[in-house]
Amino acid sequence: MGASLLRLHFHDCFVQGCDGSILLDATPTIDSEKTALPNNNSARGFEVIDMIKAEVDKACGGKPVVSCADILAVAARDSVVARGGPSWEVQLGRRDSTSASRTTANNDIPSPFMDLPALKSSFQKQGLNERDLVALSGGHTIGFSQCQFFRNRIFNETADNIDAEFARERRFARERRASCFAGSGDANLGSLDGSPARFDGSYFKNLVEKKGLLHSDQALFAGGSTDSVVKGYGSNNGRSFWFDFASSMVKMGNIKPLTGNRGQIRVNCRKVNA
C-alpha cells in the first residue's frame, strides 16, 4: 500500500490544502473528492487510514487527538521509508476540514496526460517550483498505473519521446495478457518503473532513456527546462533526489493547513463530526 498511501497525501494536499478532505465520503452536503476523475476507482488505502486512526485514538486514551490530515502525512512518510526511501520530520498540527470539493479535485490534481507547461502551472498554483515538481514526481518510483492512463503513450506516441524498444516490449507484454487493448483492460496495471516496490532513482534513469510510463512522466525529460534536474536525480545513486524529495514533501505538507480553531479533529476520518 506504500505508493497508494503516498498518493493519498499528495491528492489531499492539492485540493484545499492538506486537510484530510480526500477522506470524506459523499453526503447531501459533502461533494466527495473520492468520485473525482483522478480518484474514482483509483485512489485507495482508505481502510488502512481507518485502521491507523483507530490505533492512534486507542493510544491516546480513546480520544481523537491526532487529525486525519496528520495521519495521512505520517503514513506517506512511513510508506516511503518502508520501501527503502528517505525519511523526514513530519510537521504536525494540521486539523481536518469540514468540506470537500470534487470540482477542485478535477481541476487541481495534475493529470497523467499533462505536458510540462501544464505541470509547472499546476505545481506553481500550490506554491511549488520546478524542482519540487521533478522531485515529487519521483514518487512514481514506487507503484503502478492503470492501463487507461498509459495506453495512448505506449501505442501512439512518436519516437521523439518514447523508446521504440520500450514501446514494443510494453505492447507485446500487454497483448500477451490480452489487456490494454483500445477500449478494454482499463484497470489493468503497469509498473511505473522497473522496481515498483523499491524507492530508488530508476524512475529518472527511465526518463533519460525515454521509458517513462506516463506522458506526464516523460514530459519532465523532453528537451525542456527540467531535463537537467532529471539527469541529476538519475545519477549519484539518487542521493540528491532523496534529499530534495524529503524537502519537497515537507513543503507540500505545508500547503494551506488548517490550524488553531479552524477545522476539527474528526472522530471518523470519513465524515464530519456531528
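Refer to the preceding data block for the structure.
Note that the coordinates shown come from a computational prediction; the quantities given were computed from them, not determined experimentally.

Conventions we followed
Residues numbered from 1 in each chain as written. Predicted model: local features only at pLDDT ≥ 70, side-chain atom pairs only at ≥ 80, totals over all residues. Heavy atoms only, no water. Helix = DSSP H or I, 4+ residues; strand = E, 2+ residues; numbered from the N terminus. Contact = heavy atoms within 4.5 Å. Areas by Shrake-Rupley, 256 points an atom, 1.4 Å probe, with all protein chains shown as cover. Lys, Arg positive; Asp, Glu negative; His and termini not counted. Charge placed at Lys NZ, Arg CZ, Asp CG, Glu CD. Buried < 20%, exposed > 50% of the residue type's maximum accessible area, 1.4 Å probe, protein only. 1 Å grid on protein atoms, 1.4 Å probe; cavity = no way out; pocket = protein on both sides within 12 Å on 5 of 7 lines; lining within 4 Å. Points joined across faces, edges and corners; volume = space filled by probe spheres on them.

### Quick notes on the overall build of the chain
- Broken down by element type, the chain carries twelve helices and two strands.
- The dimensions of the chain, computed from C-alpha atoms along their principal axes, are 55 × 40 × 30 Å.
- Taking the intrachain contacts of the chain between residues at least 6 apart in sequence as the baseline, contacts between residues at least 24 apart amount to 73%.
- Put simply, the chain shows about 12,600 Å² of open surface, and 53% of that area lies on carbon and sulfur atoms.
- Of note, the chain has its 34 positive side-chain charges centred 2 Å away from the centre of its 30 negative side-chain charges.

### Some points on the environment of Phe123
- Structurally, the position occupied by Phe123 is in helix 5 (residues 116-124).
- You can call Phe123 buried: its relative accessible area is 3%.
- Residues Phe123 and Asp108, spaced 15 residues apart in sequence, show a C-alpha to C-alpha distance of 8.9 Å.

### Brief notes about the side chain of Ser195
- In this structure, Ser195 sits in the loop between strand 2 (189-191) and helix 9 (202-208).
- On the accessibility criterion, Ser195 (9% relative accessible area) is buried.
- Beyond its immediate chain neighbours, meaning those up to four positions away, Ser195 contacts Thr141, Asp200 and Ser202.

### Looking at the layout of surface pockets
- In this structure, the largest pocket spans a volume of roughly 1,200 Å³.
- Surrounding the largest pocket, 48 residues form its lining, Arg7, His11, Ser42, His140 and Phe144 being those nearest its centre.
- If you list the elements that add at least two residues to the lining of the largest pocket, you get helix 1 (2-13), helix 5, helix 6 (130-137), strand 1 (144-146), helix 10 (215-218) and helix 12 (239-253).
- When residues in the lining of the largest pocket are grouped by element, the largest group, eight residues, is from helix 1.

These values are about where atoms sit, not about what they do.
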